[in-house]
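# Coordinates in review
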Amino acid sequence: MSQYIWLIGASSGIGYELAKSFAQAGHRLALSARNQGALEQLSQSLGSETMVLACDVSQPRALS
């Protein structure tokens with residue numbers, strides 16, 4: 001069974017760099033952050049299977 005790595009805060013900084021690294025290693029990714037536009041751009045640039053889940057983890061309702 002294929003699994004995803006879920007990165008929260010993937011639109012910039014360490015999360016962004018981890019997404020690039022994991023994608024290069026062939027992993028499937030679920031990318032989360034508040035900035036959906038930045039996530040979409042990252043997803044398109046990676047060239048691997050990604051799922052974009054924009055949300056703000058400081059807002060509990062965004063996660064349900």
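Residues numbered from 1 in each chain as written. Predicted model: local features only at pLDDT ≥ 70, side-chain atom pairs only at ≥ 80, totals over all residues. Heavy atoms only, no water.

### Some words on the pattern of salt bridges
Following the criterion strictly, the structure yields two salt bridges and no others. A salt bridge links Glu 17 to Lys 20; the shortest N-O distance between them is 3.4 Å. Of this pair, Glu 17 and Lys 20 both sit in helix α1 (residues 13-24), three residues apart, which is roughly one turn of that helix. Taking relative accessible area as the criterion, Glu 17 reaches 43% and is therefore assigned partly exposed. Given a relative accessible area of 31%, Lys 20 falls into the partly exposed group. Arg 28 is the salt-bridge partner of Glu 49, the closest N and O atoms lying 3.3 Å from each other. Residue Glu 49 is located in the loop between α2 (36-46) and β3 (50-52), and its partner Arg 28 is located in strand β2 (residues 28-32); the two are separated by 21 residues in the primary sequence. (Salt bridge = Lys/Arg side-chain N within 4 Å of Asp/Glu carboxyl O. Helix = DSSP H or I, 4+ residues; strand = E, 2+ residues; numbered from the N terminus. Buried < 20%, exposed > 50% of the residue type's maximum accessible area, 1.4 Å probe, protein only.)

### Some remarks on the side chain of Thr 50
In this structure, Thr 50 sits in strand β3. At a separation of 2.3 Å, a polar atom in the side chain of Thr 50 contacts the side chain of Ser 43. Not counting residues within four places of it along the chain, the set of residues in contact with Thr 50 comprises Leu 29, Leu 31 and Ser 43. (Polar contact = N/O pair within 3.5 Å; in protein donor to acceptor, adjacent residues only side chain to side chain. Contact = heavy atoms within 4.5 Å.)

### Observations concerning the sheet that holds β3
Within a sheet, each strand pairs with its neighbour through backbone hydrogen bonds, oriented either parallel or antiparallel. A sheet is described by the order of its strands in space; here three strands give the open sequence β1-β2-β3, paired in parallel fashion. Each edge of the open sheet is held by one strand with a lone partner, namely β1 (4-8) and β3. When strand polarity is set aside, the average angle formed by the axes of neighbouring strands in this sheet is 20 degrees. α1 rests against β1 and β2 of the sheet, and its axis sits at about 165 degrees to β1. (Pairing = 2+ DSSP bridges. Axes fitted to C-alpha atoms, helices over the stretch in contact; angles between N-to-C directions.)

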